[in-house]
Amino acid sequence: MTFLPDGPVLAAYTLTCIALFITPGPDMSLFLSRTMARGRRHGIAAMGGAQVGCIVHTLLAAVGLSALLSASATAFTILKVVGALYLGWMAYDAIRNGSSLNVKTTGPEAQEQDTGVWRSFLLGIGINLSNPKVVLFFVTFLPQFVSVGDPDAAAKMTFMGLYFVAISIPLAIGMILVAEQLVGYLKARPKALRAIDYTFGGIFGIFAVKILFTQAGR
């Protein structure tokens with residue numbers, strides 16, 4: 001099937017997807033907060049909304065980037081280099097500033113009346129679509145796994161974006177099911193969060209350097 005990347009490429013992509021998912025950010029903070037404040041149904045709804053946002057980002061990125069590739073191979077290569085630099089910055093930022101896990105179990109959100117899971121679902125979509133880091137990530141990350149001359153670039157980028165969602169959903173559901181224990185563990189052990197930061201930073205840093213050396217050697 002032409003939309004499937006090569007085995008080594010898919011393995012590397014899978015590893016980076018897992019590293020990205022386990023690094024706390026706005027989406028994780030949201031669905032864990034909704035779980036703690038409103039229960040698992042709200043947590044799953046918020047997570048589902050975030051994944052819908054990821055699908056939207058995937059489709060927009062695949063269409064836009066494939067158009068860029070068709071218009072200018074040079075511009076696409078420049079985007080890949082810029083993307084590698086951005087991934088390097090993400091690695092540096094994770095190590096320097098740490099994770100952004102912010103789980104709210106008190107305050108207005110915890111006191112609001114239960115307005116149904118749709119509110120949590122729509123909130124998940126809104127948080128994901130309005131997060132500029134997610135936009136930049138999809139625009140700069142997906143092109144790294146396709147070559148400039150690949151006629152199936154759009155299909156591969158679409159597959160990889162959906163593959164990221166497919167990986168994230170079971171991992172997120174697992175987190176939601178043990179949300180109380182997980183949040184308590186992470187808050188009680190800051191070193192665990194720092195270990196996640198260094199893991200994320202290391203994987204993305206190595207990945208960025210590899211991309212830059214590959215592009216320089218062409």
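This text goes with the structure placed above it.
Residues numbered from 1 in each chain as written. Predicted model: local features only at pLDDT ≥ 70, side-chain atom pairs only at ≥ 80, totals over all residues. Heavy atoms only, no water.

Engineer: What is the right way to look at the overall build of the protein chain in this model?
Structural biologist: Within the protein chain, the regular secondary structure consists of 10 helices and zero strands. For the protein chain, the sequential pattern of α-helices and β-strands runs α-α-α-α-α-α-α-α-α-α. Here the protein chain, with 218 residues, has 44% of them falling under the buried criterion. Roughly 10,800 Å² of accessible area belongs to the protein chain as shown, and the carbon and sulfur atoms make up 68% of that amount. (Helix = DSSP H or I, 4+ residues; strand = E, 2+ residues; numbered from the N terminus. Buried < 20%, exposed > 50% of the residue type's maximum accessible area, 1.4 Å probe, protein only. Areas by Shrake-Rupley, 256 points an atom, 1.4 Å probe, with all protein chains shown as cover.)

Engineer: How should the layout of surface pockets be read in this particular structure?
Structural biologist: Unfilled space is identified by rolling a water-sized probe across the atoms. Of the pockets and cavities examined, the largest pocket occupies roughly 630 Å³. For the largest pocket, the lining is made up of 30 residues, of which Leu 20, Thr 23, Pro 24, Gly 25 and Pro 26 are closest to its centre. At the level of secondary structure, the elements contributing two or more residues to the lining of the largest pocket comprise helix H1 (7-22), helix H2 (26-38), helix H3 (40-71), helix H4 (73-97), helix H7 (132-141), helix H8 (153-177) and helix H10 (190-216). Residues that form the lining of the largest pocket fall into these classes: 17 nonpolar, nine polar and four charged. (1 Å grid on protein atoms, 1.4 Å probe; cavity = no way out; pocket = protein on both sides within 12 Å on 5 of 7 lines; lining within 4 Å. Points joined across faces, edges and corners; volume = space filled by probe spheres on them. Nonpolar A, V, L, I, M, F, W, Y, C, P; charged D, E, K, R; others polar.)

Engineer: Please explain the packing of H2 against H8 as it appears in this structure.
Structural biologist: Direction vectors running N to C along H2 and H8 enclose 40°, while the axes themselves pass 10 Å from each other. Here H2 and H8 pass one another in a crossing that is right-handed. Residues Met 28, Phe 31, Leu 32 and Thr 35 of H2 form the contact with H8, whose own contacting residues are Ala 172, Met 175 and Ile 176. Of the residues contributing to the contact of H2 with H8, the split by class is six nonpolar, one polar and no charged. (Axes fitted to C-alpha atoms, helices over the stretch in contact; angles between N-to-C directions. Left-handed = near helix turned anticlockwise from the far one by under 90°. Contact = heavy atoms within 4.5 Å.)

Engineer: Please explain H2 as it appears in this structure.
Structural biologist: Note: α-helices contain 3.6 residues per turn, so residues at a spacing of three or four share the same orientation. Taking 1.5 Å of rise per residue, the 13 residues of H2 would be expected to cover 18 Å, and the 17 Å separating its terminal C-alpha atoms lies within 8% of that figure. Burial in H2 covers these residues: Asp 27, Met 28, Ser 29, Leu 30, Phe 31, Leu 32, Ser 33, Arg 34, Thr 35 and Ala 37. With its phi angle positive at about 110°, Gly 39 sits one or two positions after the end of H2. (Expected span 1.5 Å × (residues − 1).)

Engineer: I would appreciate a short explanation of a nonpolar patch on the surface in the present structure.
Structural biologist: A cluster of nonpolar side chains, contributed by Ile 44, Ile 169, Ile 173, Leu 177 and Val 178, occupies part of the molecular surface with about 340 Å² of accessible area. The element best represented in the nonpolar patch is H8, accounting for three residues. Looking at the element boundaries, Ile 44 is found in helix H3. (Patch = residues over 30% accessible without salt bridge, like charges linked within 9 Å, V, L, I, M, F, W, Y side chains within 5 Å. Salt bridge = Lys/Arg side-chain N within 4 Å of Asp/Glu carboxyl O.)

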